[in-house]
Amino acid sequence: MSTRRFEVYGTVQGVGFRPFVYRTAAELGLTGWVANVNGHVEGEVAGPVGRIEAFADRLRSHAPTLAEVRRVRLTEGAPPSYGEGFRVRHSVPASSEPAAREIPPDAAICDACLRELRDPGDRRHRYPFVNCTDCGPRATIIEDLPYDRIRTTMRSFPLCRDCAAEYADPGDRRFHAEPVACPVCGPRLAWQDLRGEEALRAAVAAIAGGGIVALKGLGGYQLVCDAGDPRAVAELRRRKRRPAKPFAVMVDGLRTASRLAMVGATEASALTSPERPVVLLARRRSRGTTPLAPQVHPGLRRVGLFLPTTGLHHLLLDDLARPLVVTSGNLSDEPIAVDDTEARRALSGVADGFLTHDRPIRARYDDSVVQFAGRTRVTVRRARGLAPAPLPLRVREPVAGAGAQLKHTFTLAANGRAVLGPHTGDLSDLASHEAFQASYNHLKHLTGIEPRVLAHDLHPGYLSTQWARAQPLRHIAVQHHHAHVAACAAEHRVRGPFLGIAYDGLGLGDDGTLWGGEILVADLTGYRRVGRFATAPLPGGDAAVRHPSRTALGYLLGGESLGSPRPYPWLTRAFTDRLDPREVTAVTAMVARNVNCPRASSVGRLFDTVASLLGLADRVGYEGEAAVLLEAAAGDTHAVPLAHRLVRVDGLWVYDPAPTLADLLARQLDGEPVAPLAAAFHLTLAIVTADLVAHAVAEGAPHTVCLGGGCFVNRRLLTEVRRRLRAQGLRVLVGGQVPVGDGGISYGQAAVAAARLTGKE
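These notes cover the structure that comes with them. Note that this is a predicted model, so its numbers are computed, not measured.

The rules behind these values
Along each chain, the written sequence defines residue order, and numbers are assigned to residues from 1. Confidence filtering applies because this is a predicted model: local features only for residues at pLDDT of at least 70, side-chain atom pairs given and counted only at 80 or more, and all residues used for totals across whole chains, interfaces and linings. Excluding hydrogens and water, the side-chain values take into account all heavy atoms of the structure. Note on definitions: salt bridges are taken to be side-chain nitrogens of Lys or Arg within 4 Å of carboxyl oxygens of Asp or Glu. Strands are runs of DSSP state E lasting at least two residues, helices are runs of H or I lasting at least four, and both sets are numbered from the N terminus onward. Think of it in three bands: with a 1.4 Å probe and only protein chains considered, a residue is buried below 20% of the maximum accessible area for its type, exposed above 50%, and partly exposed in between. Method remark: on a 1 Å grid restricted to protein atoms, a set of points is classed as a cavity if a 1.4 Å probe fits but cannot get out and as a pocket if it is open with protein on both sides within 12 Å along at least five of seven lines; lining residues have an atom within 4 Å of a point. Grid points are joined across faces, edges and corners, and a volume is the space filled by probe spheres set on the points. Counted as a polar contact is a pair of N or O atoms within 3.5 Å, where, for protein atoms, one must be capable of donating a hydrogen and the other of accepting one, and residues adjacent in sequence contribute only when both atoms are in side chains. Whether two residues touch is decided by their heavy atoms; if any such pair falls within 4.5 Å, the residues are in contact. Following DSSP output, two strands are said to pair if at least two bridges run between them. Only C-alpha atoms enter the line fits that serve as axes; for helices the fit covers just the stretch in contact. Angles between N-to-C directions range over 0 to 180 degrees.

## Things to note about the pattern of salt bridges
- Applying the stated rule across the entire model yields 43 salt bridges.
- In this structure, Glu-342 engages Arg-345 in a salt bridge whose closest nitrogen and oxygen atoms are separated by 2.5 Å. On the criterion of helical spacing, the pair formed by Glu-342 and Arg-345 is a turn pair, its members being three residues apart in helix α10 (residues 340-347).
- The partly exposed category is assigned to Glu-342, whose relative accessible area is 34%.
- Lys-407 serves as the salt-bridge partner of Glu-623, at 2.9 Å between the closest nitrogen and oxygen.

Here it is in structure tokens:
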């Protein structure tokens, strides 16, 4: 007989771990206890040594689905002072000492709870807030650790006798399920003066009648309407001030998803996972009447689908029997609403009614978005279901990454792990900035990570940079594109030098110019530029980003002089003739005089240029729209590459796009359709990238390639680039858990800061 004290670290609170420990000990005939302590689980067991060893092995290998065990520590225990049996003790309050704490993300409703929801004989029949230890809200309701009901937003809902009995029964799956509730004691729906089932019926009637409903979800409000009603979707666009950006669509299951889009095994696995992300999928060609209004994803061949995450979502879909637009509850560029009063203020001009409930939302989490290139997952947005689950990172001294300006996230890192905060959106106004600060302070408190160093972008105009510099901590500036490729390298635990390809919209380079098409030889501590795209002026600065026609004029009139002639006027006349003559005159003068025309080596802006030249987008409503339309136009069309040229400039290999644009315009003038030209541009960029990399490798660059930047959300570009680089015998990596775009910048910043502090790559 022996006594051992055990400590278990990882994601072990809020995932049914204590009930699992109880059942494991009981099966092995061990006595003792278990409790949540600070951010981990600990306890004691007494019994035969062999059974204690088996107990420890099971803690590592048989943990609940939502748990992530990182370390199990066994030490000698004192003679047992407890009686027979095994029990779950009250949690031990957090100590003043920092501790590694992992916060479980929210998990979609499990099959067992879904069966209860639909069972007329069950006491939770049609109860929207049904949950158990395997599912339900976690990160969005936790106020502090250890994880107990009293430290969540469920503390104002005392358990009824039946729920209390389930909570205390070791044989019940709701044993110590902190959000447990039922119609008697739990949260209730509300619609004006209606409550419960009547409130739900009112919301269903509003949506069925073509209305827009503001729905209080897990991590914030959502706007819901009939995805098959063109007028409802168009009205949602008008009221939300979102003229073109695609909407996500919620469907009732894989069968419906497969009728709307091409769903492979990897996509199906993601759709049905506890994370329930929005998955970007290729639309099926409609035969006859399409169940989705064209305004859901105007001009695109891909649609974002996801399955219900909560009991309330299932009830809506069951009662309405149609796909629903379910999008962020905010106005364009504002953070998603979480507070009831703020939601009514912000969304009263958008929604025809509010379906709310009385459980507060503690943390703001939008829906996650992923897509697949073959079997490779690419994360577009890491949010509900994925965040704040920790990611590995070689870090000792606590650091934080302040993020970028667009698609903003922050990262906290310490003790070999990094936590990406929720997606804030674009730090363009005070509301977004305040949402970022509130999320940062809350997650810092929960994780116990108190940064000693803040990493930030080089750009002094970013609100994240200004915030970081105002903090009383040591600062480390990290170049934007180095952070992109470092994020990929750190996620894949690359040690030593690698070759980084960073393609995005804009980021400030270390020479004070704007970059965006970069080939870097790097490690996590630093980098050197070995290749780039040629520069072109952006007439009007930020205005050019919103007006691709201006960017196109900048390339045609003032592209970097690398020895190739610019496209002749007879090639560009068809393009300039369809523009406003006043705009052409003004931009021509700006470029000639170099007035408000910052130059950029940006792949994103080159995509904008080609989209405008092909007539797909002269003005855009959201960042990246022109590139998305160009990818959609290309589809899977066969292509013949356009002319292209690399030149050597100041020791760098530089892609000169002038021959490419001239060839594009000539083929367009000859009558070649848009689709093969769009496809040809994608193919050409892939060939150019492979050539730039081949030159770098020939000059001694590493054979591991890390891809980063928002342009690699483009599946055709990613697929073409990866195929050509692999053909050269190179190892090619892209972010899977960390967003490839600016949402992953903060993780890359933290990785660079951690490496510089230790002096290791």
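## Concerning empty space enclosed by the protein
- With the rule as written, the count across this model stands at five cavities of 30 Å³ or more.
- In this structure, the largest cavity encloses a volume near 170 Å³.
- Along the walls of the largest cavity sit 19 residues, with Pro-128, Leu-218, Thr-310, Gly-311 and Arg-359 positioned nearest its centre.
- Broken down by secondary-structure element, the contributors of at least two residues to the lining of the largest cavity are β8 (213-216) and α9 (311-320).

## Quick notes on the side chain of Gln-371
- Its place among the elements puts Gln-371 in strand β15 (residues 369-373).
- On the accessibility criterion, Gln-371 (3% relative accessible area) is buried.
- Reaching out from Gln-371, the side chain makes a polar contact with the backbone oxygen of Val-713 at a distance of 2.4 Å.
- What Gln-371 contacts, discounting residues up to four positions off in sequence, is Leu-280, Arg-302, Thr-376, Arg-377, Val-378, Val-380, Val-713 and Arg-715.

## Topic: the sheet that holds strand β2 (residues 31-37)
- Spatial ordering of the open sheet is given by β4-β1-β3-β2-β5, a layout of five strands whose pairing is mixed. The two strands at the open ends of the sheet, each matched to only one other strand, are β4 (68-76) and β5 (86-88). Each adjacent strand pair in this sheet contributes to an overall mean axis angle of 15°, direction not counted.
- Examined bridge by bridge, β2 and strand β3 (residues 40-47) share seven bridges and lie antiparallel to one another. Bridging from a neighbouring strand, Asn-36 pairs with Val-41 of β3.
- Strand contacts of helix α1 (residues 17-27): β1 (2-11), β2, β3, β4 and β5, with the helix running at about 175° to β5, the strand carrying the most contacts.

Everything listed is a geometric property; what it means functionally is a separate question.
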